[in-house]
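Below, each chain spelled out in residue letters.
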Amino acid sequence: MKYIKLLILLIIIYSCENKNNYLIIKSPNKNISLEFKIDDGIPNYTVKKYNKTIIKKSNLGINLKKNLELSNNFKINKYNKKSFNSSWKPLYGEEKKITNNYNNLFIELYQNEVKLNLHFKIYDDGIGFRYEIPNQNSIKNYDIIDEITEFNLSENDSAWWIPAFAYRRYEFLYANTSIDEISKKNFSKYVEDISYDTQGIDAAQTPLTIKKNNGFFISIHEADLTNYSSMTLAAKGNGKLEAELYPWSDGTKVKLKNRIITPWRTIQIADNSSELLTSNLILNLNEDPKKGEDFSWVKPGKYMGIWWEMIGTNESTWWPSKNHGANTNKVLEYIDFASKHGFNGLLVEGWNKGWYPAWCCSGNGIPFSFTETQEDFDINKISEYGKKKNIFLVGHHETGGQIENYENQLEKAFQLYNINGIKNIKTGYVNDISKNIKRINLDGDTVYEWHHGQYMVNHYQKVIEMAAKYKLNIITHEPIKDTGLRRKYPNYISREGAKGQEFNGFWTNGVNHASDLPFTRLLSGPMDYTPGIFQLNNFRYTSPSSNEIDREAIVPSTIAKELALYVVYYSPMQMAADLPKHYKKHLDAFQFIKNVPVNWDKKLILNSKISEYVTIARKDSNSGNWYIGSITDEKERNFDLNLNFLDKNKSYEATVYSDTNNTHWKNNPMEYQIKTIEVDNKSIINMYVAPGGGFAIEIKEL
Ligand code: NOJ
Ligand code: CA
């Protein structure tokens, strides 16, 4: 009798374990499935859509210090599955209401005494998962040596990528190669020579966009990157990618005092390139602001700047000189212009002490002061004048990547800005050398960190939290990538984090980069690209004190395309980047920049082909008017636009800003036409887009 009982018990345990070594969970609409398995002790997952493979069997694991390899020898303790369906309203954004509908799988694993939990969320637009290692006596050190998350694709899948562990952070043109070709050597071969930049491994930054051989489009990224190191993806052959974290200078990947909750590893999955642009997965995997925290003071808006005249037209300097851009008289003139045309802010760069001609990139400490003004910049007078004219300064803090210098002054600088009514600060972290962020470690030694390791992730976090204390919004240039933290911190209002318009000023992005961005960098969140350049050639002086124009310099765009970017590239703080004197030449086209909203109720992707063209319609959250933007690469196009998204039985007036048949990004970029037509929801309008061009449409209810 005793024997029989024991046998039954064993069968139950065995069958339980056997069954539990394989779990499957589907998205709410059942199209996406995630299979979790333990094979010979190794946890792994597989993802499918419509039963076709998206991610082949991929291993999971994390290795901790003191030889604790949490990547094998695992068993399932227990698991649970739950369904969630709710919605939430962002304070501002691309959509008024976001649905948060997913199926949840929480698995508790154990390896002898050690516990590790895996948390999966399966949405209709993709999956997210993360590791959770609770506090426990069997772990003495929570520092991470390696994360072994795999994303096993197919060798025939192709990726749009920029290199990680490279000197210029995220500011690169995109390479488009097979997964296996992701390497610095190939980047040097196909895009830009970075062969002299030998520090660090071969890997791609995220979000990484992939066109799968079986037709699907996916983006691999992360959500809620806090107190951790940024994830990059290294090609391991045969279509396999593996997570690689930026290490600290001592080699540790992540330093933690206790329990580990990693960022979400995300895979957005779409049937086509347009669907990929509609996913809210990253925001859904972030948290709301802390209870009781009020961010109602965060207001989206538009700004101009004393900026392009340094970086683009090269007629002014950041540093003191007879051409110093940030001088009081000029600032007041800009305020007049910005105020007359209904802007909210004016960025002024080079207002503070510490700038000098060779300011950038030494890594050895640039004495930027964030509280002392240059002699010709009267911050009180400017702020008073701005207040009367309803234009608030957008502050500028270029740190040169000198973090300790900045952190030492941070609170005082924010206090100064607060007193002067400043609402937004653009920060900057230019330091064009790999692993060149100086830090003094606990032993008092000087060490150098990567731009995207845990040290910097925590720095950006410090800045955003301190800024919230002083009711300031932050627009970071040379940032850490956006992983959706703007949901919890709505004052993280925008950021650069890619090759932006600035390169068209002092170098060039080429004509095709602008149509890569919506399918790559912009998948992570808003971008301060700084659109709206109208003087597209003959704009740049050979030096600030010369009268000689650099005839070679062009912005590879058209005026109509520059307008389109305000709709295509989402940013809640959006810049009109050109100079007043250039806008004065085209006040009719400038009207679109004045009218275009920055806060939306809805977005629709009307057409797209990855990295070639995209047309987006957005509904204004204030008026209910619609705005359409369309951009193309170097090829001209003809589109029939179906306006069936407009309300039935209503008439609208559409103002169409477009290229003409003679416009061309290279030879004739500044020719455009403006037409007004009546439309309704049965209208199909034919639009011509010139090579390298675009169009912008404002549709108002009559
Ligand atoms: C790089 C930024 O992207 C640019 O906008 C800024 O003007 C310069 N750094 C100087 O801070
Ligand atoms: Ca930059």
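Up top is the structure these notes are about.
Cut-offs applied
- Residues numbered from 1 in each chain as written.
- Chains lettered and ligands numbered in written order.
- Predicted model: local features only at pLDDT ≥ 70, side-chain atom pairs only at ≥ 80, totals over all residues.
- Heavy atoms only, no water.
- Helix = DSSP H or I, 4+ residues; strand = E, 2+ residues; numbered from the N terminus.
- Rg over C-alpha atoms; globule rule 2.2 N^0.38 Å.
- Contact = heavy atoms within 4.5 Å.
- Areas by Shrake-Rupley, 256 points an atom, 1.4 Å probe, with all protein chains shown as cover.
- Lys, Arg positive; Asp, Glu negative; His and termini not counted.
- Charge placed at Lys NZ, Arg CZ, Asp CG, Glu CD.
- Buried < 20%, exposed > 50% of the residue type's maximum accessible area, 1.4 Å probe, protein only.
- Salt bridge = Lys/Arg side-chain N within 4 Å of Asp/Glu carboxyl O.
- Polar contact = N/O pair within 3.5 Å; in protein donor to acceptor, adjacent residues only side chain to side chain.
- Donors = N, O, S within 2.8 Å, 3.2 Å for Na, K, Ca; no water.
- Near = heavy atom within 4 Å.
- Nonpolar A, V, L, I, M, F, W, Y, C, P; charged D, E, K, R; others polar.
- Phe/Tyr/Trp six-rings, centres within 6.5 Å; stacked < 30°, edge-to-face > 60°.
- Lys NZ or Arg CZ within 6 Å of the ring centre and 35° of its normal.
- Axes fitted to C-alpha atoms, helices over the stretch in contact; angles between N-to-C directions.
- Parallel < 35°, antiparallel > 145°, perpendicular 65-115°, else oblique.
- Core = buried A, V, L, I, M, F, W, Y, C linked by side-chain atoms within 4.5 Å.

Caption draft 1: Layout of the overall build of the protein. Scanning the protein from terminus to terminus reveals 13 helices and 37 strands. For a compact globule of 702 residues, the expected C-alpha radius of gyration is about 27 Å, and the protein comes in at 26 Å, within 12% of that figure. When the backbone C-alpha atoms are referred to their principal axes, the protein occupies close to 100 × 70 × 50 Å. Across the protein, contacts joining residues at least 24 apart in sequence account for 69% of those joining residues at least 6 apart. About 27300 Å² of surface is accessible on the protein, with carbon and sulfur atoms providing 46% of the total. Here the protein holds 86 positive side-chain charges and 82 negative ones, and the gap between their average locations is 6 Å.

Caption draft 2: Representation of the side chain of Lys-302 in the model. Checked against the element boundaries, Lys-302 lands in strand E21 (residues 301-306). There is no salt bridge for the buried Lys-302, and the closest opposite charge comes from Glu-698, which lies 8.6 Å off by N-O distance. Polar contacts involving the side chain of Lys-302 include one to the main-chain carbonyl oxygen of Val-596, which spans 2.6 Å. Setting aside residues up to four positions removed in sequence, Lys-302 forms contacts with Phe-343, Asn-344, Gly-345, Met-573, Gln-574, Ile-593, Lys-594, Asn-595, Val-596 and Val-598.

Caption draft 3: Expanded view of the coordination of the calcium ion (ligand 2). Protein coordination at the calcium ion (ligand 2): the donors are Glu-171 (OE), Glu-171 (OE), Glu-478 (OE), Glu-496 (OE), Glu-496 (OE) and Glu-502 (OE), at 2.2 to 3.2 Å from the metal. When the donor residues of the calcium ion (ligand 2) are listed from N- to C-terminus, their spacing reads E-x306-E-x17-E-x5-E. Residue Glu-478 is located in the loop between strand E27 (473-476) and strand E28 (494-495), and its partner Glu-496 is located in the loop between E28 and helix H10 (502-506); the two are separated by 18 residues in the primary sequence. The same class applies to Glu-478 as to Glu-496, namely buried.

Caption draft 4: How the structure looks around the site of ligand 1. Near ligand 1, the surroundings consist of 14 residues, among which Glu-349, Glu-398, Lys-426, His-477 and Glu-502 are the closest. Trp-307 places a side-chain nitrogen or oxygen 2.8 Å from an oxygen atom of ligand 1. Within the contact set of ligand 1, an oxygen atom lies 2.6 Å away from a side-chain nitrogen or oxygen of Glu-398. In the shell around ligand 1, the residues fall into 6 nonpolar, 2 polar and 6 charged.

Caption draft 5: How the structure looks around the packing of aromatic side chains. Scanning the model with the defined rule gives 40 aromatic pairs in all. Ring geometry for Trp-600 against Tyr-627: centres 5.9 Å apart, planes inclined by 70°, an arrangement best described as edge-to-face. Here the residue Trp-600 occupies a position in strand E30 (residues 600-609), and Tyr-627 occupies one in strand E32 (residues 626-632), the gap between them amounting to 27 residues. Overall, the relative accessible area of 3% leaves Trp-600 in the buried class. Of the aromatic side chains, those joined through ring pairs into one cluster are Trp-318, Trp-319, Trp-355, Trp-359, Phe-368, Phe-370 and Tyr-406. One residue, Arg-439, lies across the ring of Tyr-455, its end atom 5.7 Å from the ring centre. Above the face of the Trp-507 ring, Lys-499 is positioned so that its terminal group lies 4.5 Å from the ring centre.

Caption draft 6: The arrangement of the packing of helix H6 (residues 328-340) against helix H7 (residues 379-389) in detail. The geometry of H6 relative to H7 is characterised by a closest axis approach of 10 Å and an angle of 10° between their N-to-C directions. Taken together, the axis directions place H6 and H7 in an arrangement best described as roughly parallel. Between H6 and H7, the residues in contact are Thr-328, Val-331, Leu-332, Ile-335, Asp-336 and Ser-339 and Lys-381, Ile-382, Tyr-385, Gly-386 and Lys-389, respectively. A breakdown of the residues in the contact of H6 with H7 according to their chemical character gives 5 nonpolar, 3 polar and 3 charged.

Caption draft 7: Looking closely at the nonpolar core. Ranked by size, the top nonpolar core spans 180 residues in total, and within it Leu-34, Phe-36, Tyr-45, Phe-120, Phe-151, Leu-241 and Phe-414 carry the most contacts. In contact with Phe-151, not counting residues within four places along its chain, are Tyr-45, Ile-55, Ser-58, Phe-129, Ile-220, Met-231, Leu-233, Gly-239, Lys-240, Leu-241, Arg-265 and Ile-267. Listed in part, the 19 residues of the second largest apolar core include Ile-628, Phe-639, Tyr-652 and Met-687.

Caption draft 8: Geometry of the side chain of Ser-571. Inspection of the secondary structure puts Ser-571 in the loop between helix H11 (559-568) and strand E29 (573-575). On the basis of relative accessible area, Ser-571 is assigned to the buried category, the value being 2%. Reaching out from Ser-571, the side chain makes a polar contact with the side chain of Ser-494 at a distance of 2.8 Å. When neighbours within four sequence positions are excluded, Ser-571 is seen to be in contact with Ser-494, Pro-526, Met-527, Asp-528 and Val-598.

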